[in-house]
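Each chain, written out:
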Amino acid sequence: MGHFINDNFMLQNQAARILYHGYAKELPIIDYHCHISPKEIAEDKRYNNITEVWLGGDHYKWRAIRANGVEERYITGNADPKEKFMKWAETVPYLLGNPLYHWTHLELKRYFGIDDLLSPETAEKIWNKCNEMLSSGEFSARGLIIKSNVETICTTDDPTDTLEFHKAIKEDKSFPVKVLPTFRPDKALNINNDGFRDYIASLEKTANISISSVSDLKRALENRISYFHGNGCRISDHSFEYTVFTDTDEETVDKILKKALNGETVTRTEEEQYRSYLMVILGREYAKKGWAMQLHLNAIRNLNTRMFGLIGPDTGYDAIGDTHQAKGLAGFLNALEKTGELPKTILYSLNPYDNEVLLAVMGCFQDGTVPGKIQLGSAWWFNDHKDGMRAQMKALASMGLLRRFVGMLTDSRSFLSYTRHEYFRRILCNLIGEWAEAGEVPMDMNLLGSMVREICYYNAKNYFGF
């Protein structure tokens, strides 16, 4: 029996093999959205064992292990790292058909040269080999990035962040990879969240601006946008269950902010007025700076309140939302477009049923100034599997310009996740290869190869302007 992860893994036709091996495989990676730690890159962190680098923080894997009937102490608890790894090894054989099965074996193959399938029978051998290799300098945070052929990484950062680690990375000329911040101001927008007043106090301190009005808050956020821009930031990111837009004015929003700062209850309508107003202000600033604005939509978070109380957010208890997106999104984009201040924008929805909705709305706001100015983002989170990626790309091809797509990202906290770019590239090449073999597109490898290269690398490079 041949190895599972072989040269033609997921390349099911000859055209796909030519496109992947001849055009996609060797391209550098631009990972324009992820959640890895800039501190670990700056300090070139070394990992004690495979559990630390592979299972730590990976809520995709945590959900799978829970579904396999494993106690929480072996997942986020205080069990020994080897015990946690063994529970993952017990789970993997039950993941056939899940992208985690593919990712697991891609990561073992690409980073550790392991062809064995992970299972309880092979776990001891794989545990020992991975840990032996991790003990070498080549498998530090930076070593893994370089091994993955990464050119640019965009982390996710709060406006109050000092960006000290980004600065340290930039100053170290021995490390050739750009590590740039992304402006994520969700905490300033979530006016009803616990800790909002404490967050505003933190923003005051960082921006050195006393905040008692919306005018003050605008100045503080503009201050931080300028600071981020000076440190290489070219992207913002926002996560909402749904995009709201309601006409309002500064006087109204000022009263709402003061209510919140005084500890008074803010109604749902007031919350939407506040967020609508601030998002337009932020969008205008992004347009001035030439940034791209990312909107991540239709995630509902922390559904299991008992577990949220025990282990906190981002631990595997979020889900796909089913909120309607079109009307609020169109209103928001239009509020920026009507004054010529709509920035480059990438729209993601966690609900795959929104693909065509987002494409129809975004087509109304392409303005001829930037190729692919408004983007349908890559299949995200619960959708970054073969079927989800194919559905996103087929919808984009049907209703827009697939060849202008800025391609894949990891959206990950793991330094071993860059194989997701390989996974995406193989799926992309296979899809285009299918069209070519069926006579739906020309069997012209120069044409199709150029398309593949642009989607995998050049579109992102040109779009973001890093």
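Residues numbered from 1 in each chain as written. Predicted model: local features only at pLDDT ≥ 70, side-chain atom pairs only at ≥ 80, totals over all residues. Heavy atoms only, no water.

A.B. asks: Sorry, what's going on with the pairing of strand S4 (residues 235-240) here?
C.D. replies: Looking down a regular strand, the side chains alternate between one sheet face and the other. The element S4 is extensively covered by neighbouring structure, given that 6 of its 6 residues are classed as buried. Side chains Ile 235, Asp 237 and Ser 239 of S4 all project onto a buried face; the interleaved residues Ser 236, His 238 and Phe 240 project onto the opposite face, where all are buried too. With 6 bridges connecting them, S4 and strand S5 (residues 292-297) associate as parallel partners. Residue pairing for S5: His 238 is matched across the bridge by Leu 295. (Buried < 20%, exposed > 50% of the residue type's maximum accessible area, 1.4 Å probe, protein only. Helix = DSSP H or I, 4+ residues; strand = E, 2+ residues; numbered from the N terminus. Pairing = 2+ DSSP bridges.)

A.B. asks: It is not clear to me how unusual backbone geometry should be interpreted in this structure. Could you clarify?
C.D. replies: A negative phi holds for most residues other than glycine; trans holds for most peptide bonds. For Asn 149, which is not a glycine, the phi torsion comes out positive at approximately 65°. Relative to the elements of secondary structure, Asn 149 occurs in the loop between helix H8 (141-147) and strand S2 (150-154). Since its relative accessible area comes to 34%, Asn 149 is described here as partly exposed. At Asn 298, a residue that is not glycine, the phi angle is positive and equals roughly 70°. Its place among the elements puts Asn 298 in the loop between S5 and strand S6 (299-300).

A.B. asks: For this particular structure, what's the right way to read the sheet that holds S4?
C.D. replies: The strands that make up a sheet are held in pairs by hydrogen bonds between backbone atoms, and each pair lies either parallel or antiparallel. Strand order in the open sheet formed by 4 strands is S4-S5-S8-S9, with parallel pairing between adjacent strands. On the outer flanks of this sheet lie S4 and strand S9 (374-376), each paired with one strand and no other. The mean angle between the axes of side-by-side strands here comes to 20°, regardless of whether they run parallel or antiparallel. Relative to strand S8 (residues 344-349), S5 runs parallel, the two being bridged by 6 bridges. Directly across from Leu 295, in S8, lies its bridge partner Leu 347. (Axes fitted to C-alpha atoms, helices over the stretch in contact; angles between N-to-C directions.)

A.B. asks: It is not clear to me how the environment of Asn 48 should be interpreted in this structure. Could you clarify?
C.D. replies: Inspection of the secondary structure puts Asn 48 in the loop between helix H2 (38-42) and helix H3 (50-54). Given a relative accessible area of 65%, Asn 48 falls into the exposed group. It is 20 Å that separates the C-alpha atoms of Asn 48 and Leu 118, two residues lying 70 residues apart in sequence.

A.B. asks: Which parts of the structure should I look at to understand the environment of Glu 250?
C.D. replies: Here Glu 250 shows up in helix H13 (residues 250-261). A relative accessible area of 31% means that Glu 250 is categorised as partly exposed. In this structure the C-alpha to C-alpha distance between Glu 250 and Leu 278, which are 28 residues apart in sequence, comes to 9.5 Å. Here the side chain of Glu 250 touches Lys 218 through a polar contact of 3.1 Å, side chain to side chain. (Polar contact = N/O pair within 3.5 Å; in protein donor to acceptor, adjacent residues only side chain to side chain.)

A.B. asks: Hey, could you run me through the packing of aromatic side chains in this one?
C.D. replies: Aromatic rings in a pair are described by how distant their centres are and how their planes are angled relative to each other. Under the definition given, this model contains 22 aromatic pairs. Geometrically, the ring pair formed by Tyr 47 and Phe 415 is tilted, given 6.3 Å between the ring centres and 50° between the ring planes. Here Phe 415 lies in the loop between helix H18 (386-399) and helix H19 (419-437) and Tyr 47 lies in the loop between H2 and H3, a separation of 368 residues in the sequence. Residue classification places Tyr 47 among the buried positions, given a relative accessible area of 6%. Take Phe 415: its relative accessible area is 2%, and that puts it in the buried class. Geometry around Tyr 463 places Lys 344 over its ring, the cationic atom sitting 5.2 Å from the centre. Between Arg 420 and the ring centre of Trp 103, over which it is positioned, the NZ or CZ distance is 4.1 Å. (Phe/Tyr/Trp six-rings, centres within 6.5 Å; stacked < 30°, edge-to-face > 60°. Lys NZ or Arg CZ within 6 Å of the ring centre and 35° of its normal.)

A.B. asks: How do you make sense of the packing of helix H5 (residues 81-91) against helix H7 (residues 123-134) when you look at a structure like this?
C.D. replies: The relative placement of two packed helices comes down to the angle between their axes together with the axis-to-axis distance. Two elements in contact, H5 and H7, have axes separated by 10 Å at closest approach and are oriented at 130°. Classed by the angle they form, the pair H5 and H7 counts as oblique. Note that H5 runs across H7; the crossing there is right-handed. Seen from H5, the contacting residues are Pro 81, Lys 82, Phe 85, Met 86 and Ala 89; seen from H7, they are Ala 123, Glu 124, Ile 126 and Trp 127. Among the residues making up the contact of H5 with H7, the classes are represented as 7 nonpolar, no polar and 2 charged. (Parallel < 35°, antiparallel > 145°, perpendicular 65-115°, else oblique. Left-handed = near helix turned anticlockwise from the far one by under 90°. Contact = heavy atoms within 4.5 Å. Nonpolar A, V, L, I, M, F, W, Y, C, P; charged D, E, K, R; others polar.)

A.B. asks: Is there a simple way to think about the environment of Met 86 in this case?
C.D. replies: Positionally, Met 86 belongs in helix H5. A sequence separation of 263 residues divides Met 86 from Ser 349, and the C-alpha atoms of the two residues are 34 Å apart. Other than its neighbours up to four places away in sequence, Met 86 contacts Ala 123 and Glu 124.

A.B. asks: Honestly, the state of the cysteines in this entry has me stumped. Any pointers?
C.D. replies: Throughout this description, disulfide means a covalent bond between two cysteine sulfur atoms. One pass over the structure, following the stated rule, counts 0 disulfides. Take Cys 233: it sits in no disulfide, and the sulfur closest to it among the cysteines is that of Cys 154, at 7.7 Å. In this structure Cys 429 is a free cysteine whose sulfur lies 5.8 Å from that of Cys 456, the closest cysteine sulfur available. (Disulfide = S-S within 2.5 Å.)

A.B. asks: Help me understand the pattern of salt bridges, please; the structure alone is not making it clear to me.
C.D. replies: When the charged atoms of two side chains lie near each other, side chains of opposite charge can form a pair. Using the criterion set out here, one finds 29 salt bridges in the structure. The shortest N-O distance in the salt bridge between Arg 219 and Asp 216 comes to 3.3 Å. Placement of both Arg 219 and Asp 216 in helix H12 (residues 214-230) is noted, with a separation of 3 residues, approximately one turn of the helix. On the basis of relative accessibility, which here comes to 42%, the residue Arg 219 falls in the partly exposed class. Since its relative accessible area comes to 13%, Asp 216 is described here as buried. Via salt bridges that share partners, Glu 40, Lys 45 and Glu 52 belong to a single interconnected network. (Salt bridge = Lys/Arg side-chain N within 4 Å of Asp/Glu carboxyl O.)

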